[in-house]
Amino acid sequence: MKIHPTALVDPRAQIGADVEIGPFSVIGPQAMIGDKSILRSHVVIEEDVAIGMGNFIGHGAIIGAPPQDLSFSPDRKTKVEIGNDNVIREYCTIHRGSPAGSATKIGDKNFLMAGAHVGHNCEIGNNVIIANNCLLAGHVHVDDQAFLGGGSTFHQHMHVGRLVMVQGSSAFGKDLPPFVIAAERNSVFGVNVVGLRRAGFGAKDRNEIRAAFKLVYLSGLNIGQALEKAQSMKFGAAAREFLDFVANAKKRGICALKRGANEEMSI
């Protein structure tokens, strides 16, 4: 264990083996920090925060601060739970849950770039990249391998599907189905074909995802009609994941397709 002499570490905090804590960091009494994690200078860990093994937390990050929720009571017991091998860069903020007993959750091997904000009760999967200055409001759910471009904003209670690619400086208030390219304001531009290929999806799965995408977005049918038609079609697990996501979208629905000059390249 390597703790800088200017760091303030509560003796009740649970600090694992080979942990490094940098200058002027503040670690509260309920913190749990797993083996081989590195915290740079001015990191603040407060209240009930559990951090797994092998995490890197950059200068000035604040984890476990109270949620920005006017209904929150300071005596309410809530948590932040972070998995293993995450990189959380400079000045990221991750707020703890808001409802009593709830948690903000971040999985494994995620990369949060400088200045990202993860609001209360968000759930981030694994291998997610959240670029600089992204803002996630409360209860945002981001599935595995999504990429959220820099400066993008996400409305509370929305869901970002697996392997979604979001262009920087975009804004969303509706759900984003898995495997899509999204940009601008609540707009989908096609299927993330490059991302699917890099993730190891074969030609059959990619073609079926394209077919499911076209059924939902380009067939002229409404969502209910498209989903009904899909029941009689032969789709594998990946395309069914897309269709099931659409069927279970939140009340605000899914982001709409915006037709563009390059749509055939991505669809």
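Preceding block: the structure.
Please read these numbers as outputs of a predicted model, since none were measured by experiment.

S.K.: Run through the nonpolar core, naming residues and quoting values.
M.R.: Grouped together as the largest cluster of nonpolar side chains are 69 residues, with contacts concentrated most on Ile63, Leu136, Leu148, Leu176 and Phe242. Contributions of two or more residues to this core are made by strand S9 (48–51), strand S12 (79–82), strand S27 (180–183), strand S28 (187–191), helix H1 (193–198), helix H2 (203–217), helix H3 (223–230) and helix H4 (237–247). The greatest single-element share of this core, amounting to six residues, is contributed by H2.

S.K.: Describe unusual backbone geometry, naming the residues involved and giving the relevant values.
M.R.: Trans peptide bonds make up the majority, and among non-glycine residues the majority have a negative phi. One non-glycine residue, Asn121, adopts positive backbone phi at about 65°. Structurally, Asn121 can be placed in the loop between strand S17 (117–118) and strand S18 (123–124). A relative accessible area of 9% means that Asn121 is categorised as buried. Unlike most non-glycine residues, Glu184 shows phi in positive territory, near 60°.

S.K.: Could you give an account of the pattern of salt bridges, naming the residues involved and the relevant values?
M.R.: Under the counting rule described, the total for this entry stands at five salt bridges. Between Arg12 and Asp10 there is a salt bridge; the shortest N-O distance is 3.0 Å. The exposure class assigned to Arg12 is exposed, which follows from its relative accessible area of 60%. Notably, a salt bridge pairs Glu90 with Arg89, separated by 2.6 Å at the nearest N-O pair. By relative accessible area, Glu90 is classed as partly exposed at 21%.

S.K.: How would you sum up H4? Please name residues and give values.
M.R.: Of the positions making up H4, those classed as buried are Ala238, Ala239, Phe242, Leu243, Phe245 and Val246. Down the axis of H4, the smallest arc covering the buried residues is 155°, so these residues share one side. Looking at the packing, one finds that the buried side of H4 touches strand S24 (159–160), S27, H2 and H3.

S.K.: Provide a residue-level description of the sheet that holds strand S21 (residues 141–142), including the pertinent values.
M.R.: Across the sheet, which stays open at both edges, the eight strands sit in the order S3-S6-S9-S12-S15-S18-S21-S24 with parallel pairing between neighbours. Every other strand in the sheet has two partners, leaving strand S3 (14–15) and S24 as the edge strands with one partner each. Looking at chain direction, S12 and strand S15 (residues 103–106) are connected through four bridges and run parallel. Its bridge partner lying in S15, Ile82 is registered against Ile106.

S.K.: So what about the environment of Gly138? Which residues, and what values?
M.R.: As for its placement among the helices and strands, Gly138 is situated in the loop between strand S20 (135–136) and S21. Along the chain, Gly138 and Pro66 lie 72 residues apart, while their C-alpha atoms are 12 Å from each other. Look past the residues within four positions of Gly138 in its chain and what remains in contact with it is Gly119, His120, Cys122, Gln156 and His157.

S.K.: Describe the packing of H2 against H4, naming the residues involved and giving the relevant values.
M.R.: At a minimum axis separation of 7 Å, H2 and H4 run at an interaxial angle of 25°. Regarding the angle of H2 to H4, the classification is roughly parallel. Facing Asp205, Glu208, Ile209, Ala212, Phe213, Val216 and Tyr217 of H2, the residues of H4 in contact are Ala238, Ala239, Phe242, Leu243 and Val246. Split by residue class, the contact of H2 with H4 holds 10 nonpolar, no polar and two charged.

S.K.: Account for the environment of Ser71, naming residues and giving values.
M.R.: Of note, Ser71 is situated in the loop between strand S11 (62–65) and S12. Along the backbone, Ser71 and Pro99 are 28 residues apart, and their C-alpha atoms lie at a distance of 9.1 Å. The residues contacting Ser71, other than those within four sequence positions of it, are Arg76 and Ser98. Separated by 2.8 Å, the side chains of Ser71 and Asp69 make a polar contact.

S.K.: Lay out the packing of aromatic side chains in plain terms, naming residues and giving numbers.
M.R.: Tallying each qualifying case throughout the model produces four aromatic pairs. Ring geometry for Phe213 versus Tyr217: centroids 4.7 Å apart, planes at 40°, classification tilted. Pair noted here: Phe213 and Tyr217 are both in helix H2, with a separation of four residues, about one helical turn. For the residue pair Phe213 and Tyr217, the accessibility class agrees, reading buried in each case. Ring geometry for Phe213 versus Phe242: centroids 6.2 Å apart, planes at 45°, classification tilted. Within this pair, whereas Phe213 is found in helix H2, its partner Phe242 is found in helix H4, the two being separated by 29 residues in sequence. Across the pair, exposure class does not vary: Phe213 and Phe242 are buried alike. Aromatic ring contacts, followed pair by pair, group Phe213, Tyr217 and Phe242 into a single cluster.

What counts, and at which threshold
Residues numbered from 1 in each chain as written. Predicted model: local features only at pLDDT ≥ 70, side-chain atom pairs only at ≥ 80, totals over all residues. Heavy atoms only, no water. Core = buried A, V, L, I, M, F, W, Y, C linked by side-chain atoms within 4.5 Å. Buried < 20%, exposed > 50% of the residue type's maximum accessible area, 1.4 Å probe, protein only. Helix = DSSP H or I, 4+ residues; strand = E, 2+ residues; numbered from the N terminus. Salt bridge = Lys/Arg side-chain N within 4 Å of Asp/Glu carboxyl O. Arc of directions from axis to C-beta. Contact = heavy atoms within 4.5 Å. Pairing = 2+ DSSP bridges. Axes fitted to C-alpha atoms, helices over the stretch in contact; angles between N-to-C directions. Parallel < 35°, antiparallel > 145°, perpendicular 65-115°, else oblique. Nonpolar A, V, L, I, M, F, W, Y, C, P; charged D, E, K, R; others polar. Polar contact = N/O pair within 3.5 Å; in protein donor to acceptor, adjacent residues only side chain to side chain. Phe/Tyr/Trp six-rings, centres within 6.5 Å; stacked < 30°, edge-to-face > 60°.

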